[in-house]
Amino acid sequence: MKAIRRFTVRPVLPEPLMPLAELARNLRWSWHTETRELFQSVDPEGWQAAGGDPVRLLGSVPAARLEELAADRRFLRRLAVAVADLDDYVHGGRWYQSQENTAELPAAIAYFSPEFGITAALPQYSGGLGILAGDHLKAASDLGVPVIGVGLLYRHGYFRQSLSRDGWQQEHYPVLDPHELPLTLLRHEDATPARVSLTLPGGRSLHAHIWQARVGRVPLLLLDSDVEDNDAAAREVTDRLYGGGSDHRLLQEMLLGIGGVRAVRAYCGITGHAAPEVFHTNEGHAGFLGLERIRELEGEQGLGFDAAVEAVRAGTVFTTHTPVPAGIDRFERSLLARHFGEGGELPSVPVDRILELGAETFPGGDPGVFNMAVMGLRLAQRANGVSTLHGAVSRGMFAGLWPGFDAADVPIASVTNGVHAPTWVAPEVMRLGARQIGSGRTEDALAVGGSPRWDAVAQIADQDVWDVRRALREQLVQEVRDRLRASWKQRGAADAELGWVDSVLDPDVLTIGFARRVPSYKRLTLMLRDPERLRRLLLDPDRPVQIVVAGKAHPADDGGKRLVQELVRFSDDPRVRHRIVFLPDYGMAMAQKLYPGCDVWLNNPLRPLEACGTSGMKAALNGCLNLSVLDGWWDEWFEPDFGWAIPTADGLGTDEDRRDDLEAGALYELIESRVAPRFYDRTGRTGLPVRWIEMVRRTLVSLGPKVLAGRMVREYVERLYTPAALSHRALDPAAARDLAWWKGRVRAAWPRVAVEHVEAVAAAPVGGTAELGATLTLRVRVALDSLAPDDVEVQAVAGRVDAQDVIRDARTFPLKPAAGPDLEGRWVYEGPLALDRTGPFGYTVRVLPSHPLLATAAELGLVAAPVDAEPVGGVVLR
């Protein structure tokens, strides 16, 4: 018979062991080796059966074993040390508290994301976005940054992946019981559960409880709609990550954004935590948080809509993670109108103004849709991409929101992602580094990316490096065999058929790893473009290669599933199955074995469609070398000293087959002629691959400090969070009203703002040439209509010009008012223009809005320039 209700019966911990529950509920154990080792010693077999999850472990330890440990003085001493260390970690001062400008730093930052990858024991992630969010929280904890994470609690997580006998991906959705997870329910003082509620059309409501995870010193709030007061449909809102149709997805994002702000308010009220001054939305899914904050400001401070928008923008940071429009959530405007119209949520906020925020008012935009990324950009004064290249791609992709500006001037910055080293570095590598870096708290050393102690890794002996690398490869081989055997049993194979699994992979063979989500642009099957050539690589008698592949296709992506099946069928071939394997159900637990055990990490996306690609960073921190297309972070930091760049066939337009053929050929050639020979070159007297080991060292020393999440979070604090907090403080109600009024006045006058005349009045070039170091004096007449010089900035823009007279690597030179206004509102501006570069040189002039509370001059998307699109002046410098 099937149970009608399920719950967990837990053993009662003896009093001396009660601190174990505290350790288990703080997810710092997921990256703190000593705490994990303590839990493992409680019951080694139970630890293995629990998948390394302390909460599950403590729910299954026999009472006799607990009594034994309660009397074990040595264990109790270890427990006391672990508890004291956690207390010092959570409450002691760290990097953030040691800054000289602490008064300027935000009191708190609310960080919203649709998914968080903290640990395999809390499966609330699908891929890179969630892993990045988890690493962001962990690094913030290590640095002492007062972040509050906000997300949803999915009762079925993403999905578990298995394979059919013919290699087709199958999805399974296990039920997750929050009481069996490392979570606690947020409660009021009277012990009643805290909850948030949203109004739905038709008189319905959506209620959600707030579960809390402790990520070191960072609270993570997860909203759960499986509440008895909800109707059946509302209870299913948080059923699956990225599941359901448009209406379901919209409700998830409304709960995340609007409900998330309300959850933060409840949490701060109950716990006394400082209220956030900065709200960071990690991709557009949480963009509705801005609407809730507008509602708060309109109701509590009496601001009008426009002034509330300005106040919200000042303290909001928006991070975009997608380099393609297809990766952005877009909803039918009619769906938004139904949920925010009469009888819906946020009744005090005009629905037409809400729809304007997400309108695609740019060339090629669809007037019938609401674009979440567009709303995110309009409601955030500061925005960024996640690598230098992705920042440039994003500026081009969203340039239509800033008409008249070159893509380079679009106000989207970049902060390159990083990864949390204590989570992803194998203990063996950690111990190897500790010999040189020195003792002390590991996460402290790894949080400080610029630490000179990283240079000490260069002194590690060749033999020590190679011994660790081989040990990790050997561990991976065993992990692969165990997982492969389990997978084949799921596919229907009997033990008698699986003897060959014991010879899969070899700990002395060059091992390449490839694991990620399986959208088409990541090109899972590029390695199969020439199957016979790949077979020769795998089976080379002198320099063989072995490949471990993993990845999940979205449940609705049949194209991605076909790619998985193609790879699986190739790897099932008895001729090569000992050299190439596909492992189903890729997740954090697998990844933590895969990255350290591989010698080379392969990444071959269609450039420039990889926003960042942090899997290669995790591999690099374990001494694995990258073999990648120059995309994402690899485009930014690649050097031949520590990896290889796969040449790309850019410029082939829509001929994707031709491009794939060329790039696959380049990949094979690199492996055959450079990667494998370097790995197997043992010509020195030590018998070690000395040049390979040196590349491993350079990877750790040069890339190590750069790829850390600690470096990333420090950049967010210094470049985005602190300026946003200062802007938030400056935008009190009066200032917000004044700024909104000023923007309205500028927008009304701007159609009549113009650059009417430009001339060089001194040191003008003769015969079209001028000497380097000379100075032009420019005089410009501009029409400002009703605006004053304090409302604008007039600039000369100059630099080298290409064959089409487009200015490259431009510099700006401010011009100052010299006369005016005349009767028609014209002003004369003058200023020097330094001729500081040789070659073809050009300049133009533009007028931009100017106000001390703007983050950038491009914020309003308004610019006035000469009607002629070509540079106003041009010279050749000698």
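Not measured: the values here are computed from a predicted model.

1. Structural notes on the packing of aromatic side chains
Applying the stated criterion to the full structure yields 21 aromatic pairs. Aromatic pair tryptophan 633 and tryptophan 634: ring centres 5.2 Å apart, planes at 70°, arrangement edge-to-face. Across this residue pair, the class does not change: tryptophan 633 and tryptophan 634 are buried. With 5.1 Å between their ring centres and 85° between their planes, phenylalanine 679 and tryptophan 692 make a pair best called edge-to-face. On the criterion of sequence distance, the pair formed by phenylalanine 679 in helix H25 (residues 656-680) and tryptophan 692 in helix H26 (residues 690-703) is long-range, its members being 13 residues apart. You can call tryptophan 692 buried: its relative accessible area is 2%. Three or more aromatic residues joined by ring pairs form one cluster here, namely Trp466, Trp644, Phe679, Tyr680 and Trp692. Between arginine 473 and the ring centre of tryptophan 466, over which it is positioned, the NZ or CZ distance is 5.2 Å. Geometry around phenylalanine 159 places lysine 552 over its ring, the cationic atom sitting 4.8 Å from the centre.

2. Points about the packing of helix H19 (residues 462-490) against H26
Contact geometry of H19 with H26 gives a least axis separation of 10 Å together with a crossing angle of 80°. Overall, the two elements H19 and H26 adopt an arrangement that is roughly perpendicular. Seen from H19, the contacting residues are Asp462, Val465 and Trp466; seen from H26, they are Val690, Trp692, Ile693, Val696 and Arg697. Taken together, the residues of the contact of H19 with H26 break down into six nonpolar, no polar and two charged.

3. Focus on the sheet that holds strand S20 (residues 643-646)
Reading across the sheet, the six strands line up as S17-S16-S15-S18-S19-S20 and stay open at both edges, with parallel pairing between neighbours. Sheet topology places strand S17 (580-583) and S20 at the edges, where each strand pairs with a single neighbour. Strand-to-strand twist across the sheet, computed as the mean angle between neighbouring axes with direction ignored, equals 20°. Judged from the four bridges that link them, strand S19 (residues 625-629) and S20 form a sheet pairing that is parallel.

4. Here's the deal with the pairing of strand S8 (residues 218-224)
With seven of seven residues buried, S8 is to be regarded as a mostly interior element. Across the two faces of S8 the burial is the same, with Val218, Leu220, Leu222 and Asp224 and Pro219, Leu221 and Leu223 all buried. Note: strand S2 (residues 147-152) against S8, four bridges, orientation parallel. Bridge pairing links leucine 152 to leucine 223 in S8. Where strand S7 (residues 204-215) lies against S8, seven bridges are found, and the strand directions are antiparallel. Of the residues in S8, the one forming a bridge with histidine 209 is aspartate 224.

5. Some thoughts on the confidence of the model for the protein chain
Chain-level statistics for the protein chain give a pLDDT mean of 92 and a share of 94% at 70 or above. For the stretch residues 869-878, pLDDT sits under 50, and the model shows 37 contacts to residues farther than four places along the chain or on other chains.

6. Considering the nonpolar core
Judged by nonpolar contacts, the single largest core of 103 residues is most densely connected at Leu510, Met527, Ile547, Leu627, Trp644 and Trp692. Among the nonpolar cores identified, the runner-up in size contains 99 residues, and Ala194, Leu221, Met372 and Leu833 belong to it.

7. What to know about the environment of asparagine 371
Examined against the element boundaries, asparagine 371 turns out to sit in strand S12 (residues 369-371). Look at asparagine 371 and you get buried, because its relative accessible area is 5%. With 87 residues separating them in the primary sequence, asparagine 371 and glycine 284 have C-alpha atoms 8.7 Å apart. Sequence-distant contacts of asparagine 371, defined by excluding residues within four places in its chain, comprise Ile328, Asp329, Arg330, Gly358 and Glu360. Among the polar contacts made by the side chain of asparagine 371, one reaches the main-chain amide nitrogen of alanine 373 at a distance of 2.9 Å.

8. Here we look at helix H2 (residues 33-42)
Those residues of H2 that sit buried are Thr35, Leu38, Phe39 and Val42. All buried residues of H2 fall inside an arc of 95° around its axis, so they share one side. Packing partners of the buried residues in H2 comprise helix H1 (19-25), helix H3 (44-49), helix H4 (54-58), helix H5 (63-70) and helix H6 (73-91).

Rules of the game
Residues numbered from 1 in each chain as written. Predicted model: local features only at pLDDT ≥ 70, side-chain atom pairs only at ≥ 80, totals over all residues. Heavy atoms only, no water. Phe/Tyr/Trp six-rings, centres within 6.5 Å; stacked < 30°, edge-to-face > 60°. Buried < 20%, exposed > 50% of the residue type's maximum accessible area, 1.4 Å probe, protein only. Helix = DSSP H or I, 4+ residues; strand = E, 2+ residues; numbered from the N terminus. Lys NZ or Arg CZ within 6 Å of the ring centre and 35° of its normal. Axes fitted to C-alpha atoms, helices over the stretch in contact; angles between N-to-C directions. Parallel < 35°, antiparallel > 145°, perpendicular 65-115°, else oblique. Contact = heavy atoms within 4.5 Å. Nonpolar A, V, L, I, M, F, W, Y, C, P; charged D, E, K, R; others polar. Pairing = 2+ DSSP bridges. pLDDT = per-residue confidence, 0-100. Core = buried A, V, L, I, M, F, W, Y, C linked by side-chain atoms within 4.5 Å. Polar contact = N/O pair within 3.5 Å; in protein donor to acceptor, adjacent residues only side chain to side chain. Arc of directions from axis to C-beta.

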